[in-house]
Amino acid sequence: MALLEVDRLTKEFRRRRGEPGHRAVDEVSFRIERGGTLALVGESGAGKSTTGRLVLRLIEPDSGGVSMGGTDVRALDGRGLRAFRKRAQMVFQDPHSSLDPRVPIAVSVAEPLVVHGIGTRGERRERVADLLDGVGIGSHLLGRYPAQLSGGQLQRVAIARALATDPELIVCDEPVSALDVSIQAQVINLLTDLQAERGIAYLFITHDLALVEAFADTVAVMRAGAIVEQAPVDRLFREPEHDYTRTLLDAVPYIGAPAS
Ligand SMILES: Nc1ncnc2c1ncn2[C@@H]1O[C@H](COP(=O)(O)OP(=O)(O)OP(=O)(O)O)[C@@H](O)[C@H]1O
Ligand SMILES: [Mg+2]
């Protein structure tokens, strides 16, 4: 069984009452295996972030379903929903806005542990140091505030925070697009290593196809709310079937070029 199964998810947004809705996400279906990576690509406004938020139940769909490890996520409430929030986490594009600027980074990383009542104070302190060490943030930085770290360091902190509850799935919404290109590869390598160590699955949202080839195993191409093509990464890059996918690939000239 796949870890995550998303079945015909649909979400409309209405600007005003009575006005017809705009389908931001239109019958989107996909699955992600345990330890696998699905890249969700497409232009701005395609509905990628909305899909990620629906999967994590940060917003409610109009119709369609999400199941994780056989659990119907839409049916959860109370304790069940809390348990789900431990299993599925999110990393956003901008760590400056996802980490509280008023508290030291160690406090931000400890927060999910506190929220879910994991460990004693001492155990949490040790776990936070381990988590940060695991993403390459040394213990001398534990007391620093977000403004005192670089963008790349902060994204590592955000990843450590997402890892705190030992999730099975992380939705990464453009996790490196705010970073310098030289730093992007380091953060991608970190995500790859963490996946190999912990068997985490990723829903990796990006508009940057260049990142996808090395990182994802399956790619879903989204346009105007719908998935127009979905295929294993090599097949999508070698034999795109949909014109829109070809247009996206053509915009990244060095991808799929035959090795010389
Ligand atoms: N809370 C909201 N209220 C109204 N409309 C929304 C809301 N969130 C998203 N939308 C609309 O839904 C559509 C999809 O937005 P979404 O943010 O999911 O796109 P995206 O693919 O993530 O784009 P980007 O690459 O720019 O991040 C857009 O037309 C957007 O304006
Ligand atoms: Mg988005």
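Residues numbered from 1 in each chain as written. Chains lettered and ligands numbered in written order. Predicted model: local features only at pLDDT ≥ 70, side-chain atom pairs only at ≥ 80, totals over all residues. Heavy atoms only, no water.

Draft legend 1. The packing of aromatic side chains, seen in detail. Scanning all chains against the criterion turns up two aromatic pairs. With a centroid separation of 5.7 Å and an interplanar angle of 25°, the aromatic rings of Y202 and F215 are classed as stacked. Note that Y202 is positioned in strand 8 (residues 201-206) and F215 in helix 8 (residues 209-215), a separation of 13 residues in sequence. One aromatic cluster is present, formed by Y202, F204 and F215 through successive ring pairs. (Phe/Tyr/Trp six-rings, centres within 6.5 Å; stacked < 30°, edge-to-face > 60°. Helix = DSSP H or I, 4+ residues; strand = E, 2+ residues; numbered from the N terminus.)

Draft legend 2. The site of ligand 1, seen in detail. Neighbouring residues of ligand 1: F13, H22, A24, E43, S44, G45, A46, G47, K48, S49 and T50. In this structure, H22 approaches ligand 1 through a side-chain N or O atom, which is 3.4 Å from an oxygen atom. About the coverage of ligand 1: the protein hides 61% of its 640 Å² of free accessible area. It is helix 1 (residues 48-55) that contributes the most residues to the shell around ligand 1, three residues altogether. When grouped by side-chain class, the residues that make up the shell around ligand 1 number three nonpolar, six polar and two charged. (Near = heavy atom within 4 Å. Polar contact = N/O pair within 3.5 Å; in protein donor to acceptor, adjacent residues only side chain to side chain. Areas by Shrake-Rupley, 256 points an atom, 1.4 Å probe, with all protein chains shown as cover. Nonpolar A, V, L, I, M, F, W, Y, C, P; charged D, E, K, R; others polar.)

Draft legend 3. Just the pairing of strand 10 (residues 226-232), in detail. For strand 9 (residues 218-223) and strand 10, the ladder comprises six bridges, and the chain directions are antiparallel. Bridge pairing in strand 10 links R223 to A226. Here strand 9 folds back onto strand 10 in antiparallel fashion, the turn holding two residues, of which A224 has a positive phi close to 50°. (Pairing = 2+ DSSP bridges.)

Draft legend 4. Up close: the pattern of salt bridges. Under the defined criterion, the tally for this structure stands at 13 salt bridges. The residue R102 makes a salt bridge to D100 at a minimum N-O spacing of 3.0 Å. With a shortest N-O distance of 2.8 Å, R246 and D243 are connected by a salt bridge. Of this pair, R246 and D243 both sit in helix 10 (residues 243-250), separated by three residues, roughly a single helical turn. Residue R246 is classed as partly exposed on the basis of its relative accessible area of 34%. Through salt bridges that share partners, E12, R14, R23 and D26 make up one connected network. (Salt bridge = Lys/Arg side-chain N within 4 Å of Asp/Glu carboxyl O. Buried < 20%, exposed > 50% of the residue type's maximum accessible area, 1.4 Å probe, protein only.)

Draft legend 5. Region of the structure containing the nonpolar core. With 35 residues, the main nonpolar core has L132, V135, V157, I159, L163, I170 and Y202 as its most contacted residues. Sorting the residues of this core by element identifies helix 4 (105-115), helix 5 (121-134), helix 6 (151-163), strand 7 (169-173), helix 7 (181-198), strand 8 and helix 8 as the ones contributing at least two each. In terms of residues, this core owes the most to one element, helix 6, which gives six residues. Not counting residues up to four positions away in its chain, the partners in contact with I170 are Q89, M90, V91, A162, L163, I200, A201, Y202 and L203. Membership of the second largest hydrophobic core comes to 30 residues, among which are V25, L56, I59 and M90. (Core = buried A, V, L, I, M, F, W, Y, C linked by side-chain atoms within 4.5 Å. Contact = heavy atoms within 4.5 Å.)

Draft legend 6. Molecular detail of the sheet that holds strand 6 (residues 88-91). On the basis of which strands lie adjacent, the open sheet formed by six strands has the order 6-7-8-3-9-10 and mixed pairing. Two strands bound the open sheet, and with one partner strand each, they are strand 6 and strand 10. Averaged over all pairs of adjacent strands, the angle between strand axes in this sheet comes to 15°, irrespective of strand direction. In the packing of helix 7 onto the sheet, contacts are made with strand 3 (37-41), strand 7 and strand 8, and the angle to strand 8 comes to roughly 160°. Docked against the sheet, helix 10 engages strand 3, strand 9 and strand 10, running at close to 105° with respect to strand 9. (Axes fitted to C-alpha atoms, helices over the stretch in contact; angles between N-to-C directions.)

Take it as geometry only, folks, not as evidence of what the structure does.
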